[in-house]
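# Observations on the three-dimensional arrangement
Residues per chain are reported as follows:
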Amino acid sequence: MTHRPNGMHRDFLAIPDFSAQELGELFQLADTMRRGQYTEHPLAGKSLAMIFMKSSTRTRVSFEVGTWHLGGHALFLSPRDIQLGRGEPIADTARVLSRYVDGIMIRTFAHAEVEELAKYADVPVINGLTDLLHPCQVLADLLTVRQHLGGWAGKRVAWIGDGNNMANSWINAAYRLGFELRLACPEGYDPDAKILARAQTTAVVKIVRDVAEAVDGADVVNTDVWASMGQEEEQERRMRAFAGFTVTSKLMAKAKRDAIFLHCLPAHRGEEVAADVIDGPQSRVWDEAENRLHVQKAVMAILMAGNKQG
Ligand code: CP
Ligand code: NVA
């Protein structure tokens, strides 16, 4: 078979890769999927390669099961099994995989590696988490906000803790969708300065040092682990730096009465979040995890099969 590079393909490396209108259409499609009203198989005969350079429960299972729901097939590729783990260049991996599969999902360390993969691949590339961004998770978080609060227009979102890949993706979401975002981060753990500056051109996005100031009147309270994958040896230093940044029920009481609590998981109860918050009535973390499946199916249907959005 002659190889025909698909020059028209689109990648999903960051939330702003979709316009606000496209995001609205994507969430509509994901909602249809969540309600069980989508019966098409747009990935029939298609395959997704999933490269995991870091561990995963949710991302791996939701992409694999989601591909199958849409009629396709997913391959789990870990560095122990593929030559990328032995130093084969990412560009060569991209060129080769493009001859076999119809889409590539990758979870890795440096964001530049995902950009390199996308540059050399002839098929859509989806970012399944880098040290900089976790866009699929924040799509699922937004779908959860839509599910429980009806949307984000006029809403205030609080981020408590590390200015990490999740925080950066929430800032990108505020940039595209224009809601108010307050991030409480300890000094030295701020989000990416460029991503923040860009968002501040279209939305009210503030960094504060006081957790109560961030949560005051919030509709959504969000946190994540203090040491992300790859930062395990910093755990002790981070435990000291993040003292006082735990989301407790006392802190939640400063948010709106009907505020929801989100966490991308995995969580460390007693560190970034108290058990009675994550396991309490305001927590929507299980819906949030489920929404990974629906929103990623919508992303794949749109990018890999040209599904009309909406
Ligand atoms: N939230 C999330 O991405 O979870 P996994 O690391 O289990 O994929
Ligand atoms: N910030 C976390 C998210 C895990 C889903 C990490 O990168 O490890």
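Residues numbered from 1 in each chain as written. Chains lettered and ligands numbered in written order. Predicted model: local features only at pLDDT ≥ 70, side-chain atom pairs only at ≥ 80, totals over all residues. Heavy atoms only, no water.

### Concerning the packing of helix H1 (residues 20–34) against helix H5 (residues 135–149)
One way to put it is that H1 packs onto H5 with a least axis distance of 11 Å and a crossing angle of 70°. Here H1 lies roughly perpendicular to H5, going by the angle between them. Along its contact with H1, which presents Leu23, Gly24, Leu26, Phe27, Gln28, Ala30, Asp31 and Arg34, the element H5 presents Leu139, Leu142, Leu143, Arg146 and Gln147. Tallied by class, the residues present in the contact of H1 with H5 amount to seven nonpolar, three polar and three charged. (Axes fitted to C-alpha atoms, helices over the stretch in contact; angles between N-to-C directions. Helix = DSSP H or I, 4+ residues; strand = E, 2+ residues; numbered from the N terminus. Parallel < 35°, antiparallel > 145°, perpendicular 65-115°, else oblique. Contact = heavy atoms within 4.5 Å. Nonpolar A, V, L, I, M, F, W, Y, C, P; charged D, E, K, R; others polar.)

### Side note on the environment of Met166
Relative to the helices and strands, Met166 resides in helix H6 (residues 165–177). When its relative accessible area of 1% is taken as the criterion, Met166 is described as buried. (Buried < 20%, exposed > 50% of the residue type's maximum accessible area, 1.4 Å probe, protein only.)

### Examining the site of ligand 2
In the vicinity of ligand 2, the residues found are Leu129, His134, Asn164, Asn165, Asp224, Ser228, Met229 and Leu265. Take Ser228: an N or O atom from its side chain is 2.7 Å from a nitrogen atom of ligand 2. Contact distances for ligand 2 include 2.8 Å between an oxygen atom and a backbone N or O atom of Met229. Here ligand 2 has 270 Å² of accessible area as a free molecule, and 94% of this is covered by the chains. With respect to the pocket detection grid, ligand 2 is positioned in the largest pocket. When its residues are assigned to classes, the shell around ligand 2 shows three nonpolar, four polar and one charged. (Near = heavy atom within 4 Å. Polar contact = N/O pair within 3.5 Å; in protein donor to acceptor, adjacent residues only side chain to side chain. Areas by Shrake-Rupley, 256 points an atom, 1.4 Å probe, with all protein chains shown as cover. 1 Å grid on protein atoms, 1.4 Å probe; cavity = no way out; pocket = protein on both sides within 12 Å on 5 of 7 lines; lining within 4 Å. Sits in = over half its atoms within 2 Å of the grid points.)

### A few points about the pattern of salt bridges
Tallied over the entire structure, the rule returns 14 salt bridges. The salt bridge partner of Asp31 is Arg34, with a shortest N-O separation of 2.3 Å. Highlighted residues: Asp31 and Arg34, both in helix H1, separated by three residues, approximately one helical turn. Of the residues examined, Asp31 reaches a relative accessible area of 9% and is grouped as buried. What makes Arg34 partly exposed here is its relative accessible area of 22%. A salt bridge links Arg209 to Asp190, with the shortest nitrogen-to-oxygen separation between them at 2.8 Å. Of the two residues, Arg209 is situated in the loop between strand E7 (205–208) and helix H8 (211–215) and Asp190 in the loop between strand E6 (180–184) and helix H7 (193–199); the sequence distance between them amounts to 19 residues. Classification of Arg209 as partly exposed rests on a relative accessible area of 36%. Through salt bridges that share partners, Asp162, Glu234, Arg237 and Arg238 make up one connected network. (Salt bridge = Lys/Arg side-chain N within 4 Å of Asp/Glu carboxyl O.)

### Structural notes on unusual backbone geometry
The omega angle of the peptide bond from Leu265 to Pro266 is 5°, so this bond is cis rather than trans. Considering the arrangement of structural elements, one finds Pro266 in the loop between strand E9 (260–263) and helix H11 (275–278). The phi angle at Leu129 is positive, at roughly 125°, despite the residue not being glycine. Note that Leu129 resides in the loop between strand E4 (125–127) and H5. Located in the positive-phi region is Leu265, a residue other than glycine, with phi close to 70°. Summarising the element assignment, Leu265 is placed in the loop between E9 and H11. A residue is classified by how much of its surface remains accessible, and Leu265, at 10% relative accessible area, is buried.

### Quick notes on the environment of Ala14
Tracing the sequence through the fold places Ala14 in the segment before H1. Looking at Ala14, the relative accessible area reads 12%, which means it is buried. C-alpha separation for the pair Ala14 and Glu64, spaced 50 residues apart in sequence, amounts to 21 Å. Once residues lying within four places of it in the same chain are set aside, the contact partners of Ala14 are Leu133, Pro135 and Asn172.

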